[in-house]
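Structure assessment
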Amino acid sequence: MDLREKSRQLLENGDVKAVIGYERGTMGARRPAFIRKAERADRLVFDEACAQNLATYLTRPEVRKLGRVAVAARPDTLRAILQLMAERQVKEENVLALAGDGTVELGTAQAIEEHLATCAKELPARDREILDRLSRMDRAQRWAFWQAELSRCVKCYACRNSCPMCYCGHCTMDCNRPQWVPVASHALGNLEYHMVRAMHLAGRCVECGDCGRACPVGIPIHLLTFNCEESVHLQFGQRAGASSKLDYALSTFRPDDKESFIR
Amino acid sequence: MADNFFLPQASLDTLFAALTGDGRRILAPTDRDGRTELNPVTSPGDVAKDYLQTILSAKEAAFPKVERLMSFSTGAGSVDLKDAEPSAVPTVLFGIRPCEASGFKALDAVFNWDTRDRFFNARMEALAVIGIGCTRKDDACFCTSVGGGPGSTSGSDILLTPVEGGFLAEVLTEKGKAMAALAPEAFKADPGLEKKVVEVPVAFDQPGLTKRLKDRFEDGIWVEQSLRCVGCGACAFVCPTCVCFDIVEEADAKGGHRLRTWDSCGGHMFTLHASGHNPRETQAQRWRQRVYHKFSYYPERYDMLGCVGCGKCTRACPVDMNLQEHLAEAAQA
């Protein structure tokens, strides 16, 4: 039994309307694949090269319309699914995660949580290298690093649109009555966009790194959201994607809060 | 008919010095922080060594991602308008590929369609292109399927093709002659050099595709192809021929600016009307628009294609929306 066979079964039995998985793409890359007919399940691959977080598709109107779907899920995808459930964007009954080698069916939040307890989270070597480099810099150097990187941004929004947590149908960036953030991709427009996005992801980022992976000009933009997420973890002791019942750290009140001003 | 010369590798220094000495900015592919990008350079040593293409296209030399069109200031009961002047620095685009060089004519078709756009035209007039033919390619390249080629001279003022010890230089236009005349000692007599470029196989029948699109508008193929599209603007923004723009204003109580910025038909708000109605509500409709604009509307309206087969969109796409593959599929019965 592998993911292909599992997918065939699920589609033939009518358990799901589609399987969102990966297939071989250009130059050996893996890309998302939507399999809606059992006979097309042969296209699926599920290996180490499959990096993208497919949970990003679960909140799209086109995909919602399909009905219950199965998703080939790497650990980051599972975290994203839990976070989407915590934010009431995905219902348990509408998604079946296929984890492990693609044959492990995780149909409930609880099953996903239990499975994730066995998966360690590790930062890719390249990210660690950049983070180490950044941590050795003083504030002015770090500022110069991000200015140089953000000057490359063309505001194509590949980062936002790839992010499973950027599901807003009408993003603040797209609001023009009033215009909160400049549309133009100049220094200020780029900086404000990425600052707003990093802040909006603080406490919600599952650290999959898809925003950075999506960036056509190679800005390691995921490191900004990682940083905010780590900060929330240090301050509030919780991580996005850990549970389907997570309260949003930045808007939750608890009587036993360590800060006195809130009482 | 082009004038052919031999341009020795070592003579590039002379050429670059002559061009900068003439007050021209040279934009060329550079490798910085692991990325091939167009940047101002002053010597051939700054140019990337073994590059396929830059990530973004050369269009920004004539159509920048942000451009000020006018400014205004408001006083007591008055508004002052001030035209912006295009900053058209004399520029040489060095080392761009033939596909991109030929892309400017697709921009020109729109910017000079009815109103002549003085910003675009001022930059184009100040722009000269020294292209370099391709000795390698990748799986995203498909120039030969859209009427181009790895050695195509279209859009270049001088086309260089790598040969042993330097380049075969084809001086193609008046602008090209003017550049060559700045450094006559760099251009040696052509000893009968052979122009050898990489072979790019034809991937699909383009006239067949354009014809096929006429009755494929309502086809399910666009839904199927676009399910994985995330609706970002990466493809449009790296594209040398995507010309759509947005006009925005940035203003406060005292005044402001009107800006032109790149826009993308992949975005969900691109065709959103003020009424709330959106004629392209789904990603499938937006993806279809991208294909039709380039392969149906452009031929119909301007007698050319809106695609040069550079493959930048395919390389930039976060979900590998491989254009060549999708076009080949759409061209089939």
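Residues numbered from 1 in each chain as written. Chains lettered and ligands numbered in written order. Predicted model: local features only at pLDDT ≥ 70, side-chain atom pairs only at ≥ 80, totals over all residues.

Some words on the pairing of strand 2 (residues 25-32) of chain B
Residue and element names in this part refer to chain B. The condition is simple: Two strands form a pair only when DSSP identifies at least two bridges running between them. For helices the rule is a DSSP run of H or I covering at least 4 residues; for strands it is a run of E covering at least 2, with both sets numbered from the N terminus onward.
The sheet contact formed by strand 2 and strand 6 (residues 91-96) spans 3 bridges and is parallel. Bridging across to strand 6, L27 finds its partner in L93. Summarising the sheet, strand 2 and strand 3 (residues 35-41) pair through 7 bridges and their orientation is antiparallel. Bridge pairing links I26 to V41 in strand 3. Between strand 2 and strand 3, which pair antiparallel and follow one another directly, the connecting turn spans 2 residues, one of which, D33, has a positive phi of 50°.

Here we look at the sheet that holds strand 10 (residues 188-189) of chain B
Read from one edge to the other, the open sheet built from 8 strands follows the order 3-2-6-7-8-9-1-10 (chain B), with strand pairing classed as mixed. The open sheet has two edge strands, strand 3 and strand 10 of chain B, and neither has a second partner.

Digging into unusual backbone geometry
Residues and elements named next belong to chain A. Omega for the bond connecting R177 with P178 falls within 30 degrees of zero, at 0°, which places this linkage in the cis form. Considering the arrangement of structural elements, one finds P178 in the loop between helix 7 (158-162) and helix 8 (187-201). The backbone of M27 shows a phi angle near 50°, a positive value even though the residue is not glycine. Counting through the fold element by element, M27 comes out in the loop between strand 1 (18-24) and strand 2 (30-35). For R88, which is not glycine, the phi torsion reads 55° and is therefore positive.

Topic: the nonpolar core
Test applied: Put simply, a nonpolar core is buried Ala, Val, Leu, Ile, Met, Phe, Trp, Tyr and Cys residues tied into one set by C-beta atoms within 7 Å. In this scheme every C-beta is placed from the backbone, and a residue whose C-beta has 20 or more other C-beta atoms within 10 Å is buried, one with 12 or fewer is exposed, and one in between is partly exposed. All domain edges in this entry derive from an automatic or database-based domain assignment. Residue pairs qualify as contacts under a 7 Å threshold applied to their C-beta atoms, which are placed from the backbone.
Ranked by size, the top nonpolar core spans 160 residues in total, and within it V71, I81 and A97 of chain A together with L93 of chain B carry the most contacts. Top contributing element to this core by residue count: helix 3 (residues 75-86) of chain A, with 7 residues. Residue assignment places this core across two domains, with domain 1 (3-116) and domain 2 (125-251) of chain A each supplying three or more. Setting aside anything within four residues of it in sequence, one finds A97 of chain A in contact with V71, A73, L78, I81, L106 and I112 of chain A.

What about the packing of helix 3 of chain A against helix 4 (residues 109-116) of chain A?
Residue and element names in this part refer to chain A. Selection rule: In this analysis, axes come from line fits to C-alpha atoms, helices being fitted only over the stretch in contact, and the angle between any two N-to-C directions falls in the range 0 to 180 degrees. Oblique is the label for every angle not falling under 35 degrees (roughly parallel), over 145 degrees (roughly antiparallel), or within 65 to 115 degrees (roughly perpendicular). The sense of a crossing depends on the near helix, which, turned anticlockwise from the far helix by less than a right angle, makes the crossing left-handed and, turned clockwise, makes it right-handed. Gly counts as polar in this scheme, as do all residues outside two lists: the nonpolar Ala, Val, Leu, Ile, Met, Phe, Trp, Tyr, Cys and Pro, and the charged Asp, Glu, Lys and Arg.
Direction vectors running N to C along helix 3 and helix 4 enclose 140°, while the axes themselves pass 10 Å from each other. Judged by the inter-axis angle, helix 3 sits oblique to helix 4. Helix 3 and helix 4 meet at a crossing whose hand is left-handed. Only A109, I112, E113, H115 and L116 of helix 4 make contact with helix 3, whose side of the interface consists of P75, L78, R79, I81, L82 and M85. Here the residues of the contact of helix 3 with helix 4 sort into 8 nonpolar, 1 polar and 2 charged.

Re the sheet that holds strand 5 (residues 78-83) of chain B
Residue and element names in this part refer to chain B. The 4 strands lie next to each other as 5-4-12-11, forming an open sheet whose pairing is antiparallel. Since the sheet does not close on itself, it has two edges, and those belong to strand 5 and strand 11 (245-252), each with one partner. Ignoring strand direction, the axes of neighbouring strands in this sheet form an average angle of 20°. In the sheet, strand 11 pairs with strand 12 (residues 255-262) via 8 bridges, with the strands oriented antiparallel. Residue F245 lies in a different strand from strand 12, and its bridge partner there is W262.

Details of the interface of chain A and chain B
A common way to report how large an interface is uses the accessible area buried once the components associate. Contact with chain A, which involves 26 residues of that partner, is made by 34 residues of chain B. Elements that contribute at least two residues to the side of chain A that touches chain B include exactly strand 2, helix 7 and helix 9 (210-214) of chain A.

Some thoughts on the domain arrangement of chain A
Residues and elements named next belong to chain A. As far as domains go, chain A holds domain 1 (3-116) and domain 2 (125-251). The distance between the C-alpha centroids of domain 1 and domain 2 comes to 25 Å. At the interface, 17 residues of domain 1 touch 16 residues of domain 2. At the level of secondary structure, the elements contributing two or more residues to the side of domain 1 that touches domain 2 comprise helix 3 and helix 4.

Focus on the packing of helix 6 (residues 206-213) of chain B against helix 11 (residues 323-331) of chain B
Helix packing for two helices is described by the angle between their axes and how far apart those axes are. Residues and elements named next belong to chain B. Following both chains from N to C, one finds helix 6 and helix 11 inclined at 65°, their axes separated by 8 Å at the closest point. Considering only the axes of helix 6 and helix 11, their crossing is left-handed. Contact residues: helix 6 offers G208, L209, R212 and L213, while helix 11 offers L327, A330 and A331. Grouping the constituent residues of the contact of helix 6 with helix 11 by class yields 5 nonpolar, 1 polar and 1 charged.

Here we look at the environment of M70 of chain B
Residues and elements named next belong to chain B. Tracing the backbone shows M70 in strand 4 (residues 66-75). Given 13 C-beta atoms within a 10 Å radius, M70 is considered partly exposed. Considered as a pair, M70 and A236 are 166 residues apart in the sequence and their alpha carbons are 25 Å apart. Apart from residues lying up to four places away in sequence, M70 is in contact with L81, K82, D83, A84 and R258.

Quick look at the environment of Y248 of chain A
Its place among the elements puts Y248 of chain A in the segment after helix 10 (222-236). In the structure, Y248 of chain A is positioned 10 residues away from Q238 of chain A in sequence and 9.5 Å away in space, judged by C-alpha atoms.

Details of helix 1 (residues 12-21) of chain B
Residue and element names in this part refer to chain B. For clarity, the cut-off: Note that the arc is computed from the directions linking the helix axis to the C-beta atoms.
Within helix 1, the full set of buried residues consists of L12, L15, F16 and L19. Buried residues of helix 1, viewed axially, fall in a sector of 95°; they line one side. Next to the buried residues of helix 1 lie strand 2, strand 6 and helix 5 (174-182). Note on helix 1: the residue one or two positions beyond its end, G23, has a positive phi of about 85°.

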